[in-house]
Amino acid sequence: MHHGFCTFQPLSPEEALEEDRLLDSIAWPETPTLPFPLALSQTSDPVHSTFFILPGREGGQWHTGDQLEVVIKMYDSQRHPKKSGGDVIFARLHSPNLGAGVAGRVVDHLNGSYSAVFPLLWEGSAQVEVTLVHPSEAVKVLHRLNSEQPDRIYFNSLFRSGLVSETATCNVCLRPTQQEVCNFTDLYTGEPWFCHKPRKLSCYDRVEHSMGGFKQNVTASEEKLFQSGVNMKVSITASQPASIIVLPTKKGRAPINSTIVNSGPSGYYYWGAWRALSGTIVQQFYTPSAISQCLKGKMVHMYGDSTIRQWFEHLTKVLPGLKEFNLRSNRQVGPFMALDYANDILMMYRCHGPPIRFKNVPTSELRYVANEMDRLKGGPNTVVVIGVWSHFSTFPIEVYIRRLQSIRRAVVRLLSRAPGTVVIIRTANPKTLTLYETLTNSDWYSLQRDKVLRAVFEGLNVHLVDAWEMVIAHHLPHSLHPQPSIIKNMINVLLSYICPQKSP
């Protein structure tokens, strides 16, 4: 199947229907066509936009168990109200004194106004924070780039035979030229990958994969839509006090609930520790011995991008008994292996297959997660950790959907032959945005992929580490690789799934 010059493997009728449903579920609001030349003064402006807290009942009192609703009004820099939706907005309710924070659910009313809804989960002070991540006009550019320029990040492969070496351009979206093409589509997963054939060497002589570079192709006026501190990740100011005091729950009093959202957050921070609002209780693993005791007798297989590698690095750093075995691997790429003989712990990390933006990946280590999982025996002492999202941002979303469907099929096979296997999936998370980061890895791209990931694995016996909410709800700046206190909380969630608290 072709989408422009991108090639996708065909889907079964059921998966094709699922893809249609997924595309519908993440469809972004239609917004007016960008004028030419683009007038920045007519785009959503965080300086002139505002928000206010809707008054509560009983003279403006709020109690734990209520829901707080905030109205956000978007304006352009000429103070004209926006008439359409499509802005990317994050909202957070937090209390610095209590080390508390929770992500809000943002609802787009498609008319320039938005609502943010928060559950009131702690007593005491609570302050609303609203951030414009991207104006709707910027989203229009990001959407166009993935449609028209899915190869703006390109890849190279090194081909070598004897003393002869050649480099060729590769991609899942490979623009046609007069050159012949090497088809490296995976025989088992059907994942497509292509390289221009080297002039002298054979397709069989490929020895290494690397990210080649980035071709930036936006106009000067479009660039102005992605300015840090101006219209990208900028706080919106409240028109009224943005803080409230939350009182204890009153006996016999019905809580105030919003009618505009039908789901809430997965958890929140309190005294700096993440607490889940449903499902597995998050335990605090304060000491290395507590972590080692949880992992005792376990084989932990980690697959994914650098955000999963960060977990491997964290655990090998905090566990003195978990010693990394030197596989002489590239430090960015892996694979890595760590062993704790005393506690019978094996931990491994391997990066996912193309499109991976790492440098100098030997083709022998260029493996798809689904294929690796099919090689596992599985069982109650096996833990599989997956994080695949960041390197798919520049491609049509169908590329990502198919990768997740492929991984899901492998998860289903693994849980069928070894039902006791623990499978844990890390979601995407927001990050610091520069112009380059935005055009290649915007939070809008990550948000869309995060929604898809949750939908694809819904209903399976897998566990999610909600990195998205854990980063938004925290007071620390957003980062592709979250800071240590956030990672520590993510590891506590991970370990709580591996070693769930026994019922009394």
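Description of the pattern of salt bridges
A side chain of one charge can pair with a side chain of the opposite charge if their charged atoms are brought near each other.
Reasoning step 1: Per the counting criterion, the structure on display carries 23 salt bridges.
Reasoning step 2: Glu 15 is paired through a salt bridge with Arg 409; the nearest N and O atoms lie 2.5 Å apart. Taken together, the residues Glu 15 in helix 1 (residues 13–25) and Arg 409 in helix 8 (residues 397–417) connect sequence positions 394 residues apart.
Reasoning step 3: You can call Glu 15 buried: its relative accessible area is 12%.
Reasoning step 4: For Arg 409, a relative accessible area of 30% translates into the label partly exposed.
Reasoning step 5: A salt bridge links Asp 443 to Lys 431; its shortest N-O distance comes to 3.6 Å.

A look at the sheet that holds strand 27 (residues 463–465)
Reasoning step 1: The 7 strands lie next to each other as 21-22-23-20-25-26-27, forming an open sheet whose pairing is mixed. The open sheet has two free edges, formed respectively by strand 21 (323–325) and strand 27, since each of these has just one partner strand. Strand-to-strand twist across the sheet, computed as the mean angle between neighbouring axes with direction ignored, equals 20°.
Reasoning step 2: As judged from the 4 bridges shared by strand 25 (residues 382–387) and strand 26 (residues 422–426), these two strands associate in the parallel manner. Each residue of the ladder has a partner; that of Val 383, found in strand 26, is Val 422.
Reasoning step 3: Lying on the sheet, helix 6 (residues 306–318) is in contact with strand 20 (299–304), strand 21, strand 22 (336–340), strand 23 (345–351), strand 25, strand 26 and strand 27; it crosses strand 23 at an angle near 155°.

Some words on the packing of aromatic side chains
Reasoning step 1: Inspection of every chain in the model, using the stated rule, returns 12 aromatic pairs.
Reasoning step 2: Consider the rings of Phe 336 and Tyr 349, whose centres lie 5.9 Å apart with planes at 20°: the pair is stacked. With Phe 336 in strand 22 and Tyr 349 in strand 23, the pair connects residues that are 13 residues apart, well separated along the chain. In terms of burial, Phe 336 and Tyr 349 fall into one category: buried.
Reasoning step 3: Aromatic rings pair up to connect Trp 28, Trp 444 and Tyr 445 into one cluster.
Reasoning step 4: For the cation-ring pair, Arg 206 lies above Phe 184, with the distance from its terminal atom to the ring centre recorded as 3.9 Å.

Reading the values: the criteria
- Residues numbered from 1 in each chain as written.
- Predicted model: local features only at pLDDT ≥ 70, side-chain atom pairs only at ≥ 80, totals over all residues.
- Heavy atoms only, no water.
- Salt bridge = Lys/Arg side-chain N within 4 Å of Asp/Glu carboxyl O.
- Helix = DSSP H or I, 4+ residues; strand = E, 2+ residues; numbered from the N terminus.
- Buried < 20%, exposed > 50% of the residue type's maximum accessible area, 1.4 Å probe, protein only.
- Pairing = 2+ DSSP bridges.
- Axes fitted to C-alpha atoms, helices over the stretch in contact; angles between N-to-C directions.
- Contact = heavy atoms within 4.5 Å.
- Phe/Tyr/Trp six-rings, centres within 6.5 Å; stacked < 30°, edge-to-face > 60°.
- Lys NZ or Arg CZ within 6 Å of the ring centre and 35° of its normal.

Note that all results are geometric; they support no functional claim without further evidence.
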